[in-house]
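Commentary on secondary and tertiary structure
One-letter residues, chain by chain:
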Amino acid sequence: MAREPAPRPLLLEWLAAGTSLLDAELDQAPETWVSGPSALPGWTTAHLLTHLARNADALNNLVTWATTGVETPMYPHGASGRLRDIEEGAQRSAQVLLKDVHDSAARLQDSLAGMPEAAWARTVRTAQGRTVPASLVPWLRIREVWIHLVDLGTGVTFGTLPDALATALLPDVVTTLAGRDGCPALIIRTQPGGTPLMTRPSKPLGSMTEVKGTTAELLGWLTGRAPGIGLTCSPPGLPLLPPWL
């Protein structure tokens, strides 16, 4: 079963910092920006913001599940209902959208702050069908907030992430990518002197492609948010990657 990658106080600190940065970025963005394209293919910024809001509510459902013991799915109407909510929500005015992002994030943080100690150890189920402890919920939100901050295109990059958060995120990203069809056999090594991460550890080392770079550069490339400029590769030539998420 998946475990949280850092102690709970640190996870909540990363979540609060990401939420505050998101609020700050949205507060200074012009309203016309909402209707423009995001970095995600096929989605406007309005789609991305709606997704962030509904993700907060979905994770709040898992907090409710853990707190009450009553099964509460992330998305009660399934994947089709989730996509419908995003499509419909993206048609709203900028003012309504931005308030939704702020209010939904605040609801989730309030719910997390009020969780009884016993609830953190209870198991819940993600939208992908994984059974996880409720203590993983802050991390699931951290990934959404910080990575989609990059997608908003306001100037936040993977280099903006707190160093310890970026370090914790990299093995998570590699593990997720390794589960995708078509993922090549990679050795991922942060410089200087990082512990290697492998997407196909059962493969002979000589058959793997080793990619080195800073944590931020590697995160950008592995998640498909950056072309990998600055990375070094042996043998030469960065391989094609399947979509990360």
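So, here's what we can say about the structure. This one's a predicted model, so the numbers in the text were calculated from it and none came from an experiment.

Reading guide: rules and limits
Residues numbered from 1 in each chain as written. Predicted model: local features only at pLDDT ≥ 70, side-chain atom pairs only at ≥ 80, totals over all residues. Heavy atoms only, no water. Core = buried A, V, L, I, M, F, W, Y, C linked by side-chain atoms within 4.5 Å. Buried < 20%, exposed > 50% of the residue type's maximum accessible area, 1.4 Å probe, protein only. Helix = DSSP H or I, 4+ residues; strand = E, 2+ residues; numbered from the N terminus. Contact = heavy atoms within 4.5 Å. Salt bridge = Lys/Arg side-chain N within 4 Å of Asp/Glu carboxyl O. Pairing = 2+ DSSP bridges. Expected span 1.5 Å × (residues − 1). Arc of directions from axis to C-beta. Axes fitted to C-alpha atoms, helices over the stretch in contact; angles between N-to-C directions.

It is characteristic of soluble globular proteins that their nonpolar side chains tend to be buried jointly. In this structure, W139 and L222 are the most contacted members of the largest nonpolar core, which totals 70 residues. Secondary structure elements with two or more residues in this core: α1 (8-27), α2 (45-68), α4 (94-113), α5 (137-151), α6 (163-178), β3 (186-190) and α7 (215-222). Examining the composition of this core, we find that 12 residues originate from one element, α2, more than from any other. Once residues lying within four places of it in the same chain are set aside, the contact partners of L222 are L170, V173, V174, L177, L186, I188, L241 and W244.

Moving on, we come to the pattern of salt bridges. The tally for this structure, following the rule as stated, stands at 10 salt bridges. Close ionic contact of D100 with R92 constitutes a salt bridge, the shortest N to O distance being 3.0 Å. Residue D100 is classed as buried on the basis of its relative accessible area of 11%. Since its relative accessible area comes to 27%, R92 is described here as partly exposed. With its nearest N and O atoms 2.8 Å apart, the salt bridge here joins D151 to R225. Taken together, the residues D151 in helix α5 and R225 in the loop between α7 and β6 (232-234) connect sequence positions 74 residues apart. In this structure D151 comes out as buried when scored by relative accessible area, which is 1%. A relative accessible area of 23% means that R225 is categorised as partly exposed. Among the charged side chains, a salt-bridge network with shared partners connects R54, D57, R92, D100 and R107.

Here the focus is the pairing of strand β5 (residues 209-213). Within β5, 4 of the 5 residues are buried, leaving the element largely enclosed by the surrounding structure. As defined by bridge partners, β3 adjoins β5 across 5 bridges and the pair is classed as parallel. Of the residues in β5, the one forming a bridge with T190 is G213. Pairing analysis gives 3 bridges linking β5 to β6, with the strands arranged antiparallel. From the neighbouring strand, V211 faces β6, where its bridge partner is C233.

Moving on, we get to helix α3 (residues 78-89). In a regular helix each residue adds 1.5 Å, so 12 residues correspond to 16 Å; α3 covers 16 Å between its end C-alpha atoms and thus fits that length. Burial in α3 covers these residues: G81, I86 and G89. Around the axis of α3, the buried residues are gathered within 135° of arc, so they sit on the same side. The exposed residues of α3 that point more than 90 degrees off its buried face are A79, S80 and E88. Tucked into the core, α3 has its buried residues touching α2 and α4.

With that settled, consider unusual backbone geometry. Omega for the peptide link from S234 to P235 comes to 0°, which places this bond in the cis form. If you trace the backbone, P235 turns up in the segment after β6.

Our next topic: the sheet that holds β5. The 4 strands lie next to each other as β4-β3-β5-β6, forming an open sheet whose pairing is mixed. The open sheet has two free edges, formed respectively by β4 (197-198) and β6, since each of these has just one partner strand. Taken strand by strand, α7 contacts β3 and β5, and its axis lies near 145° from that of β3.

Read these as spatial facts, not as claims about activity.
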